[in-house]
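# Observations on the model geometry
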There are 2 protein chains.
Amino acid sequence: MPKPEVDPTVSLDLSVDRSSPVPLYFQLAQQLEAAIEHGALTPGSLLGNEIELAARLGLSRPTVRQGIQSLVDRGLLVRRRGVGTQVVHSKVRRPLELSSLYDDLEAAGQRPATKVLVNTVVPATAKVAAALGVAEESDVHRVERLRLTHGEPMAYLCNYLPPGLVDLDTRQLEATGLYRLLRAAGITLHSARQTIGARAATADEAERLGEDQGAPLLTMQRITFDDTGRAVELGTHTYRPSRYSFEFQLLVRS
Amino acid sequence: MPKPEVDPTVSLDLSVDRSSPVPLYFQLAQQLEAAIEHGALTPGSLLGNEIELAARLGLSRPTVRQGIQSLVDRGLLVRRRGVGTQVVHSKVRRPLELSSLYDDLEAAGQRPATKVLVNTVVPATAKVAAALGVAEESDVHRVERLRLTHGEPMAYLCNYLPPGLVDLDTRQLEATGLYRLLRAAGITLHSARQTIGARAATADEAERLGEDQGAPLLTMQRITFDDTGRAVELGTHTYRPSRYSFEFQLLVRS
DNA sequence: TCAACGCGTATGTCCGGACAATCGAACTAC
DNA sequence: GTAGTTCGATTGTCCGGACATACGCGTTGA
């Protein structure tokens, strides 16, 4: 008879600090995530039922459920009625977030450099005005930047922002990403609408990015909204495909 | 004095059916979503506090919160402590889901056509074996398809699947999408890892898609996992950028 | 005039319990 | 041996309440 197929129920030592300002369900979620990351909770292993887990931690079941649910929402755990909660196999880790190119690169340890080519105020064209929800011909910020890694150009970024939102200092733009400036200005980013495509480089684009005319470029257009629904940024970016591609994880909305 | 900036608190007639098998919180969520879609709840309007809403519906506050939370998770509502819950402005609607090209096109009313070029079993190369988590040289399905819209080729799709998962009938593959076949086979899709890039077309690719050699192509690689963590599909797709681009919405994970 | 304070209000967190729905496996009957 | 049934285990849904926390705004004080 072969060895049983059922994954073992793992029992690990969890604890919560009731004097901490961190919510209890969040403490639990953090510890579970750490246990998964660290390997204490192996893929496929069952988590043990919620009732007993709550008793062991001195928490109520709703609190335990809330903690588990947050990890389910992020794809780390799967619940099955009548079976239990188990750790998902494989490298299912960080799902897609709304992030800036700068943060992505920095997270990858690339130390990106930015060169601001243009930082002015211009009258909005019809398309820009429609995207940002402002009047045509009204003033908007226009920022053009070149993003470099290892001294080589990687992307050309053109952004429009409505006026009065944030102070666009060229030095700050070169030291950090646009999203950080927006967040630092008290803007709560909420969502974005993106389009990713490809096309051949024009002469100008080729020149800027160090490619040949007609070379394939990866393009991305994005409108970002804050939590009041205002459009706070319109970006038109072109990337050198040899140096950049979009990687992300998707979760099924169940 | 200008007219007040505060958005009005909208009161609409909601009701739940306790004899329905549909969960109460879900009924509430559906009705709220319908009200938003229909325009009864206008962007920016407050939803009214949860306590009173619960009382009006004869529900408990946790149930009402669960219903509201599901819409918050989908980006339709925003909660503010001390303020209330309000409808998000703008066209922030469907966030990114794990979907198939076929479903996307059909949802857009395109009626896609599929031509199966290859449908065989081949020994797995090192890369395919690593992606699918099977032994090198073991048998895997290989499917090559051409996706057409309006009689014109739009994408070339090459997929590998582990054996024994699903019966890959060529006729079915031409009538529907691969994801539907997987779901119909009882497989619960969970997540996918994607990479989107661009490159110049090779002679073969140009031939297949009706482009010139060296023309820019949009590329997508995807490994799809089911809820047990198994890799169930590896896809390598190339798209004609003049006929297809990736559009989606991102939500900030707060 | 303007800044600091306090209050009301709404959501955030947490509790303890109850019953229903579903899954898997052991058991039973044919 | 096989198919159908029963049953235990576990999550799903729902309730009613309690206190904490943060935001907006009016009031107060300098």
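All residue numbers refer to position in the chain's written sequence, counted from 1. Chains carry letters from A onward and ligands carry numbers from 1 onward, assigned in written order. The predicted origin of the model limits local features to residues at a pLDDT of at least 70 and limits the giving and counting of side-chain atom pairs to 80 or more, whereas totals for whole chains, interfaces and linings rest on all residues. The basis for every side-chain value is the complete set of non-hydrogen atoms in the structure, without hydrogens or water.

### Digging into the overall build of chain A
- Of regular secondary structure, chain A possesses eight helices and nine strands.
- Restricting the calculation to C-alpha atoms gives the radius of gyration, and the globule rule supplies 2.2 Å times the number of residues raised to the power 0.38. In terms of overall size, chain A is more extended than a compact globule, its C-alpha atoms giving a radius of gyration of 24 Å where 254 residues would be expected to give roughly 18 Å.
- Taking the principal axes of its C-alpha atoms as reference, chain A extends roughly 70 × 45 × 30 Å.
- Every residue pair with non-hydrogen atoms within 4.5 Å of one another is taken to be in contact. Across chain A, the fraction of contacts at a sequence separation of at least 24, relative to all contacts at a separation of at least 6, is 57%.
- Looking at chain A as shown, the accessible area adds up to about 12,900 Å², and 51% of this sits on carbon and sulfur atoms.
- Side-chain charges in chain A split into 29 positive and 30 negative, and the spacing between the mean points of these groups amounts to 6 Å. Numbered from the N terminus, helices here are DSSP runs of H or I no shorter than four residues, and strands are runs of E no shorter than two. A 1.4 Å probe and the Shrake-Rupley method give the accessible areas. Residues count as covered only by the protein chains that appear here. The charge count includes Lys and Arg as positive and Asp and Glu as negative, but it does not include His or the ends of the chains. Every charge is mapped to an atom, namely NZ of Lys, CZ of Arg, CG of Asp or CD of Glu.

### Points about the interface of chain B and chain A
- Contacts between the two partners involve 42 residues from chain B, matched on the other side by 42 residues from chain A.
- Joining two parts hides part of their accessible area as seen by a 1.4 Å probe, and the buried area is that hidden amount summed over both. When the area that chain B buries against chain A is broken down by residue, the three leading residues are B:His190, B:Leu250 and B:Arg253, summing to 17%.
- Each salt bridge in this description consists of a side-chain nitrogen of Lys or Arg and a carboxyl oxygen of Asp or Glu lying within 4 Å of one another. Between A:Arg193 and B:Glu247 there is a salt bridge, with its nearest N and O atoms 2.9 Å apart.
- Two N or O atoms count as a polar contact when they lie within 3.5 Å, although within protein this holds only if one can serve as hydrogen donor and the other as acceptor, and sequence-adjacent residues are included solely when both atoms are side-chain atoms. Taken together, chain B and chain A are joined by twelve residue pairs in polar contact (both at pLDDT 80 or more).

### Topic: the protein's contact with DNA strand C
- Close to DNA strand C lie 26 residues; A:Arg18, A:Leu24, A:Thr63, B:Glu50 and B:Arg65 are nearest.
- Any residue with at least one heavy atom within 4 Å of a molecule or strand is counted as near it. Within 4 Å of the protein, the contacting atoms of DNA strand C are drawn from sugar and phosphate to the extent of 74%.
- One of the side-chain N or O atoms of B:Arg61 is found 3.0 Å from a base nitrogen in DNA strand C.
- Every element with two or more residues in the surface near DNA strand C is listed here: helix 1 (24-38) and helix 3 (61-73) of chain A together with helix 3 (61-73), strand 1 (77-80) and strand 2 (84-87) of chain B.

### Describing the relation of the copies chain B and chain A
- Superposition record for chain B on chain A: RMSD 0.1 Å, screw rotation 180°, translation along axis 0.0 Å. What we have between these two chains is a two-fold relation. By C-alpha distance to the rotation axis, the residue of chain B lying nearest is B:Pro216, at 2.2 Å.
- Of the residues that chain B buries at the interface, 100% are likewise interface residues in chain A, meaning the two copies contact each other through the same surface. Superposing the copies works by least squares over the C-alpha atoms of residues that have pLDDT at least 70 in both of them.

### A few points about the packing of helix 1 of chain A against helix 3 of chain A
All names here are of chain A.
- Lines fitted to C-alpha atoms define the axes, with helix axes restricted to the stretch in contact, and inter-axis angles between N-to-C directions lie between 0 and 180 degrees. Helix 3 packs onto helix 1 with a crossing angle of 45° between their chain directions and a minimal axis gap of 8 Å. In terms of orientation, helix 1 and helix 3 fall into the oblique class. Two packed elements cross with a definite hand, and for helix 1 against helix 3 that hand is right-handed. Seen from helix 1, the contacting residues are Leu24, Tyr25, Leu28, Ala29, Leu32 and Glu33; seen from helix 3, they are Thr63, Val64, Gln66, Gly67, Ile68, Ser70 and Leu71.
- Gly is put with the polar residues, along with every residue not named as nonpolar or charged; the nonpolar set is Ala, Val, Leu, Ile, Met, Phe, Trp, Tyr, Cys and Pro, and the charged set is Asp, Glu, Lys and Arg. Among the residues making up the contact of helix 1 with helix 3, the classes are represented as eight nonpolar, four polar and one charged. Under this scheme an angle from 65 to 115 degrees is roughly perpendicular, one under 35 degrees roughly parallel, and one over 145 degrees roughly antiparallel; angles in between are oblique. Take the far helix as the reference: if the near one is turned anticlockwise from it by less than a right angle, the crossing is left-handed, and if turned clockwise, right-handed.

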